[in-house]
Amino acid sequence: MLDNNPNFLLMVEGLTVSFDGFKAVDDLSFYVEPNECRVIIGPNGAGKTTVLDLICGRTKATSGSVNFKGQELLNKREDQIVLAGVGRKFQTPSVYEDLTVFENLELSYPRGHSVFGALAFRRDAIVKARIAEIAATIFLEALLDEKAAFLSHGQKQWLEIGMLLIQDPELLMLDEPVAGMSVAERKKTAELLNKIIKDRSVIVIEHDMGFVEDIATRVTVLHQGKTLSEGSMERVQNDPKVIEVYLGH
Ligand code: ADP
Ligand code: MG
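Summary of the structure given here. All figures in this text were calculated on a predicted structure; none of them were measured in a lab.

1. Here we look at empty space enclosed by the protein
Okay, step 1: The full count for this structure, using the stated rule, is 1 cavity of 30 Å³ or more.
Okay, step 2: In this structure, the largest cavity spans a volume of roughly 40 Å³.
Okay, step 3: If you trace the largest cavity, you find it lined by Leu54, Ile55, Gly57, Thr59, Lys60, Ala61, Leu73, Leu74 and Ile81.
Okay, step 4: The class makeup of the residues in the lining of the largest cavity is 6 nonpolar, 2 polar and 1 charged.

Have a look at this one:
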């Protein structure tokens, strides 16, 4: 039995959502280990984005279980799931254009109790140090005072990843993070993901196979809301069922 296996950070079992009788996600099970980068691939409409919506509580499941560190997420609200340690990035970047890189990161810093005097001063120093650390991770350390509006599309995507990282999620979910990025930006994003999985697990939805190869620990191929194939990149690429779906026999 896989139940409560401490080797898994996330256990998705029998996950199903039905939209007016159409099962966008259909009895899906998969398991994510700590420090794993799981890539979900699959044709348009396969249910990839819906899987992330279900895990982060944006969409309510019809049935199944999403167990994260021993807690059932399916009966929690979106904000409770964030607090439990799950961060989610949507397809389009949603940074505050009129604010600087520093201010965007500062706004995302987890708020504790308000503090006064010497303690507040100390907290400011800790927040600043953390922002500097995150900015370096997302390649924006030289642009802390730049308004987000002036960043390239790729830099905005990194900033949004930074806004999630500053909350230190144990599971980070990214929906097509390199769409619209240059080749150089894709390479740097792969480098970024390989760096951040040292402290967490990541689930990424992606189409760019070169990028998938650079980041994936394991790949899940989704088709009509179900797992078509799962394993190493090499294994799924050579799976006749995957070849059939992609080449359309
Ligand atoms: P992918 O991300 O793999 O391209 P999606 O998860 O966005 O696919 O969508 C899977 C299927 O579910 C599609 O057919 C889509 O039209 C349908 N779908 C997604 N969300 C809803 C919704 N809220 N209501 C009805 N149908 C939906
Ligand atoms: Mg999608």
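Text resumes after the structure shown.
2. Quick look at unusual backbone geometry
Okay, step 1: Of note in the backbone geometry, Asp27 takes a positive phi value of approximately 55° without being a glycine.
Okay, step 2: Mapped onto the elements of the fold, Asp27 is located in strand β2 (residues 22–32).
Okay, step 3: When its relative accessible area of 53% is taken as the criterion, Asp27 is described as exposed.
Okay, step 4: A positive phi angle is found at Asn35, which is not glycine, with a value near 65°.

3. Things to note about the nonpolar core
Okay, step 1: With 45 residues, the main nonpolar core has Leu105, Ile138, Leu159, Leu172, Val202, Val204 and Ile215 as its most contacted residues.
Okay, step 2: Considering each element in turn, this core owes the most residues, 6 residues, to helix α5 (residues 153–165).
Okay, step 3: Beyond its immediate stretch of four places on either side in the chain, Val204 contacts Cys37, Arg38, Val39, Ile40, Leu174, Pro177, Leu193 and Ile215.
Okay, step 4: Leu9, Phe68, Ala84 and Ile203 belong to the second largest nonpolar core, which has 29 residues in total.

4. Observations regarding the site of ligand 1
Okay, step 1: Every residue near ligand 1 is listed here: Phe19, Phe22, Ala24, Pro43, Asn44, Gly45, Ala46, Gly47, Lys48, Thr49 and Thr50.
Okay, step 2: The separation between an oxygen atom of ligand 1 and a polar main-chain atom of Gly45 is 2.8 Å.
Okay, step 3: Thr49 is positioned with one of its side-chain polar atoms (N or O) 2.9 Å from an oxygen atom of ligand 1.
Okay, step 4: Within the residue set of the shell around ligand 1, elements represented by two or more residues are β2 and α1 (48–55).
Okay, step 5: Per-element tally for the shell around ligand 1: the top contributor is α1, with 3 residues.
Okay, step 6: Looking at the shell around ligand 1, its residues break down into 5 nonpolar, 5 polar and 1 charged.

5. Some thoughts on the pairing of strand β4 (residues 63–68)
Okay, step 1: Relative to β4, strand β1 (residues 10–19) is paired through 5 bridges, and the arrangement is antiparallel. From the neighbouring strand, Thr16 faces β4, where its bridge partner is Ser63.
Okay, step 2: Two elements, β4 and strand β5 (residues 71–72), share 2 bridges in a ladder whose sense is antiparallel. Paired with Asn67 across the strands is Glu72, a residue of β5.
Okay, step 3: Taken together, β4 and the strand that follows it, β5, pair antiparallel across an intervening segment of 2 residues, in which Lys69 is found at a positive phi of about 50°.

What counts, and where the lines are drawn
Residues numbered from 1 in each chain as written. Chains lettered and ligands numbered in written order. Predicted model: local features only at pLDDT ≥ 70, side-chain atom pairs only at ≥ 80, totals over all residues. Heavy atoms only, no water. 1 Å grid on protein atoms, 1.4 Å probe; cavity = no way out; pocket = protein on both sides within 12 Å on 5 of 7 lines; lining within 4 Å. Points joined across faces, edges and corners; volume = space filled by probe spheres on them. Nonpolar A, V, L, I, M, F, W, Y, C, P; charged D, E, K, R; others polar. Helix = DSSP H or I, 4+ residues; strand = E, 2+ residues; numbered from the N terminus. Buried < 20%, exposed > 50% of the residue type's maximum accessible area, 1.4 Å probe, protein only. Core = buried A, V, L, I, M, F, W, Y, C linked by side-chain atoms within 4.5 Å. Contact = heavy atoms within 4.5 Å. Near = heavy atom within 4 Å. Polar contact = N/O pair within 3.5 Å; in protein donor to acceptor, adjacent residues only side chain to side chain. Pairing = 2+ DSSP bridges.

In short, geometric facts, not functional conclusions.
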